[in-house]
Amino acid sequence: MYKNSWVHYVTKIVVDIMFYGGILACLATPWIVVHLFGLTEIYLAQGCVFAISSTFIHLTAIFFLSGVCGVYILWQFKKLFKTLLGGNPFVPANVNCFRKIAVASLIIAILFAIRCIIYFTFASAVVVVIFALATLFCLTLKDLFKQAVDHKQENDLTV
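These remarks concern the structure in this document. (Residues numbered from 1 in each chain as written. Predicted model: local features only at pLDDT ≥ 70, side-chain atom pairs only at ≥ 80, totals over all residues. Heavy atoms only, no water.)

### Thoughts on the overall build of the chain
At step 1: A count of helical and extended segments in the chain gives 5 helices and 2 strands.
At step 2: Along its sequence from the N terminus, the chain presents helices and strands in the succession α-α-β-β-α-α-α.
At step 3: A burial count over the chain gives 31% of its 159 residues as buried.
At step 4: Contacts spanning at least 24 positions in sequence make up 66% of the contacts within the chain whose residues lie at least 6 apart.
At step 5: Accessible area for the chain stands at about 10,400 Å²; split by element, carbon and sulfur atoms hold 74% of it. (Helix = DSSP H or I, 4+ residues; strand = E, 2+ residues; numbered from the N terminus. Buried < 20%, exposed > 50% of the residue type's maximum accessible area, 1.4 Å probe, protein only. Contact = heavy atoms within 4.5 Å. Areas by Shrake-Rupley, 256 points an atom, 1.4 Å probe, with all protein chains shown as cover.)

Structural data, given as structure tokens:
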């Protein structure tokens, strides 16, 4: 029988904290962009927003959408940890989780590639490379888990 490690529980707690923190960060994206990037080009006319800079719109959209993808990835990790802590990680649902994580990682890579086209920074280029590699890694894990699920089902039928 498989024994859960304390590392699994600690990692699950960290993923839970990051998940709920990511939701808050996504909701606060417009304020974070204004304060971190100093985009005070929001002009007010009689208490209403009159004009917003295009840089603010681009950065907010890219960071919000990539944040949503990041929260989605963490949600999939939560589902993965549920099966891991349950003692049966080689199930078809985890194959789908890795596929969904790969798609979300690819979307983040594309969003930051667009950001590199609009406004190039070295950090954005690094994010593109990291999430492109994460996409390939998750697709490889998906195939690995699919084979493990197939072998497990075959062994369950022979016993």
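### What to know about the packing of aromatic side chains
At step 1: In total, this model carries 5 aromatic pairs according to the counting rule given.
At step 2: Considering the side-chain rings of Phe63 and Phe112, the 6.0 Å spacing of their centres and the 45° angle between planes classify their relative orientation as tilted. Placement of Phe63 in helix 3 (residues 54–85) and of Phe112 in helix 4 (residues 92–118) is noted, with a sequence separation of 49 residues between them.
At step 3: With a relative accessible area of 23%, Phe63 lands in the partly exposed category.
At step 4: On the basis of an interplanar angle of 55° and a centroid distance of 4.9 Å, the ring pair of Phe98 and Phe145 is categorised as tilted. Residue Phe98 is found in helix 4, and its partner Phe145 is found in helix 5 (residues 122–158); the two are separated by 47 residues along the sequence.
At step 5: For Phe98, a relative accessible area of 7% puts it in the buried group.
At step 6: Each member of the aromatic cluster is reached from another via a ring pair, and the members are Phe90, Phe98 and Phe145.
At step 7: Seen from the ring of Trp75, Lys79 lies directly overhead, with NZ or CZ sitting 4.9 Å from the centre. (Phe/Tyr/Trp six-rings, centres within 6.5 Å; stacked < 30°, edge-to-face > 60°. Lys NZ or Arg CZ within 6 Å of the ring centre and 35° of its normal.)

### Brief notes about the layout of surface pockets
At step 1: One number sums up the size of the largest pocket: a volume of about 340 Å³.
At step 2: Lining the largest pocket we find 19 residues, and of these Ala25, Phe63, Ser66, Gly67 and Gly70 sit closest to its centre.
At step 3: When residues of the lining of the largest pocket are assigned to their parent elements, the largest contribution, 7 residues, is made by helix 3.
At step 4: Classifying every residue of the lining of the largest pocket by side-chain character gives 14 nonpolar, 5 polar and no charged. (1 Å grid on protein atoms, 1.4 Å probe; cavity = no way out; pocket = protein on both sides within 12 Å on 5 of 7 lines; lining within 4 Å. Points joined across faces, edges and corners; volume = space filled by probe spheres on them. Nonpolar A, V, L, I, M, F, W, Y, C, P; charged D, E, K, R; others polar.)

### Overview of the side chain of Ser105
At step 1: Summarising the element assignment, Ser105 is placed in helix 4.
At step 2: For Ser105, a relative accessible area of 2% translates into the label buried.
At step 3: Look past the residues within four positions of Ser105 in its chain and what remains in contact with it is Ile73, Phe131, Ala134 and Thr135.

### Observations regarding the packing of helix 2 (residues 29–37) against helix 3
At step 1: Two elements in contact, helix 2 and helix 3, have axes whose closest approach is 9 Å; the angle formed by their N-to-C orientations is 125°. The angle between helix 2 and helix 3 falls in the class oblique. Judged by the twist between their axes, the crossing of helix 2 over helix 3 is right-handed. Between helix 2 and helix 3, the residues in contact are Thr29, Pro30, Val33, Val34 and Phe37 and Phe56, Leu59, Thr60, Phe63 and Phe64, respectively.
At step 2: In terms of residue class, the contact of helix 2 with helix 3 is made up of 8 nonpolar, 2 polar and no charged. (Axes fitted to C-alpha atoms, helices over the stretch in contact; angles between N-to-C directions. Parallel < 35°, antiparallel > 145°, perpendicular 65-115°, else oblique. Left-handed = near helix turned anticlockwise from the far one by under 90°.)

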